[in-house]
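Working through the structure, step by step
So the chains spell out like this:
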Amino acid sequence: MTGPAPVPDRVREFLSRDHGHYIDGHWQRSSDAAMLESLNPATGRHLASIARGTVADVDDAVRAARRALTLPAWRELTPLARGELLHRLAELVDQYADELALIESLDNGKPMSVARAVDVGTTSKLFRYFAGWPSKFEGSTIPLSPRNNLEILNYTVHEPVGVVGAIVPWNFPVSMATWKLAPALAMGNTVVLKPAEDTSLSTLRLAELIGEAGFPPGVVNVVTGTGSVVGAAIAEHPDVDKVAFTGSTEVGRMITRAALGNMKRVSLELGGKSPHIALPDADPVEVAAAAAEGIFFNQGQTCTAGSRLYVHNDIYDDVMNALIDRARNIRVGPGTDPQTQMGPLVSSRQLATVSSYIDSGVEDGAVVVAGGGRPVDLPAGNVDGYFLEPTVLVETTHRMRVVREEIFGPVLVAMRWNDLDELVEMANDSPYGLAAGIWTGDLRAAHRIAGAIQAGTVWINCYNLTDPASPFGGFKQSGWGREMGRAVLEQYTETKSVWVNIT
């Protein structure tokens, strides 16, 4: 490998700070001055220090957000002006894209190329897309048939929900934050945002850009810390009107229970165990490439990861030979090295979890045909990083944990199929329903399978594509509600029906 790229002075200075919370337009220390250590997953060593938030910090942030709702600088801002603020923020993200991508790569571990194109690129795109909605999300007039022949003018208006608590994961830190921020702000809400404790840095840099863009104080607040303290306090807070969460299904259940106190609205984007399906007419080399990308992209730390591969028996051997070859030749290393194709997992905890799943699969009878362990050719400075080889398991069945549970790492389980109805039954044999992929030239069969699969997104002859204009979310235990597109705006507004007697 050529080695990691040098860290520019401005990023080095940013990392050297003791990062506080962004509340009411200002940076402040945590109420108990405690700090969390952010580690570089490629080295296992110290990267930066962030504030360990408390319940009191969340209270401060919610008060600031509640106050900002009433300030003329935000409440009376015209829809066009609100859109212009979002557009200005997108321009700043573009201006500092390389810097944001480097921070993301150092903090999360992913390759710089992914951080730049996907994380930062999506962030800018989301702000630009939702910048157009404030002036276009319209109410309606409704023809009625009231009693007593009254003549009624009935119309609807959309109003902000209020204070939104946003809790986001560590796999796509800044773009996942933007999935919540962009529509919430477009609709005139204020936000208290909690980034993941393992990957808070890019969101803190984004908060600086939010201030630079000119958003009024208190409209966006960022409180860092642990989920058990800060996340729980946001979910339980009586002055938070809605909580938007992306993360595991288990934590989603906890968020839902906590939100019952004041019956706050809840939207959840949760786990997945997505089936990736190859029909007998599919090109084996193309399927192998797509399957590898579908599971090894972002180190497999993707809710939509195509972690269950179902290949028709006629092409199974050809697909698996090509896939195994691809998996064995993926360059694993630090994300800042331009030759890296797959970086480390986000933390030692995640590495241990994923490794335990591989062990479980082997104990249950699965066979490792690629990967399964730690890479042996890492640079000297990265031997303590959280690296794992791209792993492929065969001889798997639906009774195994590796097939039924979300692993959230670069581990693919592969299975044969022959009968189409049995295939659909296997694909749906999961508590999750987030996404699925289908590879075939037979569009009649593709549409039939797409209609039968219980998933919020189905990709046909492509995989892992998203766009701000297209709704995203899951069936079953993969979540409630939708992100992105026009559909998400319903999650961040209340609809008021007004009746006027004009008889």
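Scroll up a little and you will see the structure.
All values reported here derive from a predicted model rather than from experimental measurement. (Residues numbered from 1 in each chain as written. Predicted model: local features only at pLDDT ≥ 70, side-chain atom pairs only at ≥ 80, totals over all residues. Heavy atoms only, no water.)

**Brief notes about the nonpolar core**
Side chains that are nonpolar tend, in soluble globular proteins, to be buried together. Ranked by internal contacts, the top residues of the largest apolar core, which has 72 residues, are Phe127, Leu181, Leu185, Leu201 and Phe215. For this core, the element with the highest residue contribution is helix H7 (residues 173–186), accounting for nine residues. Ignoring sequence-local partners within four residues, the contact set of Leu185 consists of Trp74, Arg82, Leu86, Val191, Phe215, Val219 and Val220. By size, the runner-up hydrophobic cluster in this structure holds 32 residues, among which are Ala282, Phe296, Val332 and Met342. (Core = buried A, V, L, I, M, F, W, Y, C linked by side-chain atoms within 4.5 Å. Buried < 20%, exposed > 50% of the residue type's maximum accessible area, 1.4 Å probe, protein only. Helix = DSSP H or I, 4+ residues; strand = E, 2+ residues; numbered from the N terminus. Contact = heavy atoms within 4.5 Å.)

**Notes on the packing of aromatic side chains**
Under the defined criterion, the tally for this structure stands at nine aromatic pairs. Between the aromatic rings of Trp74 and Phe215, the centroid separation amounts to 6.1 Å while the plane-to-plane angle is 45 degrees, which identifies the pairing as tilted. A residue pair is termed long-range when its members are at least 10 positions apart, and Trp74 in helix H3 (residues 72–75) and Phe215 in the loop between helix H8 (201–213) and strand E9 (220–222) qualify at 141 residues. Seen in terms of ring centroids, Tyr129 and Trp133 are 6.4 Å apart; in terms of plane orientation they differ by 70 degrees. Their pairing is edge-to-face. (Phe/Tyr/Trp six-rings, centres within 6.5 Å; stacked < 30°, edge-to-face > 60°.)

**Focus on the packing of helix H4 (residues 79–95) against H8**
Running from amino to carboxyl end, H4 crosses H8 at an angle of 130 degrees, the nearest separation of the two axes being 9 Å. In this view, H4 runs oblique relative to H8, as classed from their interaxial angle. In this structure, H4 meets H8 at a crossing whose hand is right-handed. Two secondary-structure elements touch here, H4 through Leu85, Arg88, Leu89, Leu92 and Val93 and H8 through Leu206, Leu209, Ile210, Glu212 and Ala213. Here the contact of H4 with H8 is composed, by residue class, of eight nonpolar, no polar and two charged. (Axes fitted to C-alpha atoms, helices over the stretch in contact; angles between N-to-C directions. Parallel < 35°, antiparallel > 145°, perpendicular 65-115°, else oblique. Left-handed = near helix turned anticlockwise from the far one by under 90°. Nonpolar A, V, L, I, M, F, W, Y, C, P; charged D, E, K, R; others polar.)

**Considerations on the sheet that holds strand E4 (residues 35–40)**
Pairing within the open sheet is mixed, and its three strands lie in the order E1-E5-E4. Because the sheet does not close on itself, it has two edges, and the strands there are strand E1 (18–19) and E4. As paired elements, E4 and strand E5 (residues 45–51) share six bridges and run antiparallel to each other. When the sheet's bridge partners are listed, Met35 is paired in E5 with Ala51. (Pairing = 2+ DSSP bridges.)

That's the geometry; what it means functionally is another story.
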